[in-house]
Amino acid sequence: MDTVAKAPVTMCLASMAFAEGTGSTINTTGTNAYLIESFFYSRTALTNQATPTTDYVTGNAFIPMPIPLTTTGLPFSVPNPCAGYACAFTLGFNTVGTLLAIQGPIVGLDANGSFISAAPSLSPALGPPGPNPGTLAGVQADNNFCPCGYIVVKSGSTAVATFTFGTTDWTTTGYTTSLGNVASLPGRSLANLTYS
C-alpha cells in the first residue's frame, strides 16, 4: 500500500465571514488560513475590497443577469422568459491572496421567487489538478484557487436593469444577495439555503 502518495488538499480552514461592502465591494473578518494543494496560505481581512470583473475559470467578463421577463438577446443556456433570475458566484483566493470569483449557471425564478427547476449551484469548473505543467511555488497554475465562500444574487419583478458581478452595486433596485462561507466546494446545489 502506498501511504506516501496522497491527493493534495485545497480548502479554507476557517470562515472568512464574507459580507457586502459599499457599492460592489466585499468585506471579510480577521486573518484566515487556507490550503491550496496542501500548501498553507493566509489572507488578512478585506475592507471594501473591489470584486473581480472577470471569471477566474474563463478569463472573460461575467455574464450579466438579465432583466426579468426578457425574451431576446439572452446568453446561451439562460432560460427565458422568467419572472426573475438567480446566480451563485464562488469566492476564493489564490496563493498570493488575490480575491477571485467564478460564476455558476444563471437559473430562472417564478413570480414568487421560487426556483423554476434547479437551484443555483457553485461552478463545477474546479476539479482535480489539471494538466498545466506550470507551477507557482509548487501549485499547479490551473488550480491556483481555494473556494472560501459564495454569494447568490436574485432578481425580482422590480429589477429594471441587468446585474453584472463586480460592477453592479449590491443595493441595485430589484436585486437581493445572500452570502455564505465554505471550506471547499459542496457537492450539491444551494437549494436548501435560506435566501433573503
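As a starting point, this report considers the structure included with it. What you see is a predicted model, and the numbers here were worked out from it, not measured in a lab. (Residues numbered from 1 in each chain as written. Predicted model: local features only at pLDDT ≥ 70, side-chain atom pairs only at ≥ 80, totals over all residues. Heavy atoms only, no water.)

### Comments concerning the nonpolar core
(1) Moving on: Grouped together as the largest cluster of nonpolar side chains are 30 residues, with contacts concentrated most on Phe18, Met65, Phe93 and Phe165.
(2) Moving on: When residues of this core are traced back to their parent elements, those giving at least two are strand 4 (32–36), strand 6 (84–93), strand 7 (99–109) and strand 10 (146–155).
(3) Moving on: Ignoring sequence-local partners within four residues, the contact set of Phe18 consists of Ile26, Asn27, Thr28, Leu91, Phe93, Leu99, Cys148, Gly149, Leu179, Gly180 and Asn181.
(4) Moving on: In terms of nonpolar packing, the next biggest core, distinct from the first, is built from five residues, Ala88, Leu122, Tyr150 and Val152 among them. (Core = buried A, V, L, I, M, F, W, Y, C linked by side-chain atoms within 4.5 Å. Buried < 20%, exposed > 50% of the residue type's maximum accessible area, 1.4 Å probe, protein only. Helix = DSSP H or I, 4+ residues; strand = E, 2+ residues; numbered from the N terminus. Contact = heavy atoms within 4.5 Å.)

### Looking at the environment of Asp169
(1) Moving on: With respect to the helices, strands and loops of the structure, Asp169 is situated in the loop between strand 10 and strand 11 (175–181).
(2) Moving on: Judged by its relative accessible area of 36%, Asp169 is partly exposed.
(3) Moving on: Taking the C-alpha atoms as reference points, Asp169 and Ser24, separated by 145 residues in sequence, lie 4.5 Å from one another.

### Comments concerning unusual backbone geometry
(1) Moving on: In this structure, Ala17 takes a positive phi of about 55° despite not being glycine.
(2) Moving on: With respect to the secondary-structure elements, Ala17 resides in the loop between strand 1 (11–12) and strand 2 (19–20).
(3) Moving on: One non-glycine residue with positive phi stands out, namely Leu69, at about 70°.
(4) Moving on: Checked against the element boundaries, Leu69 lands in the loop between strand 5 (39–43) and strand 6.

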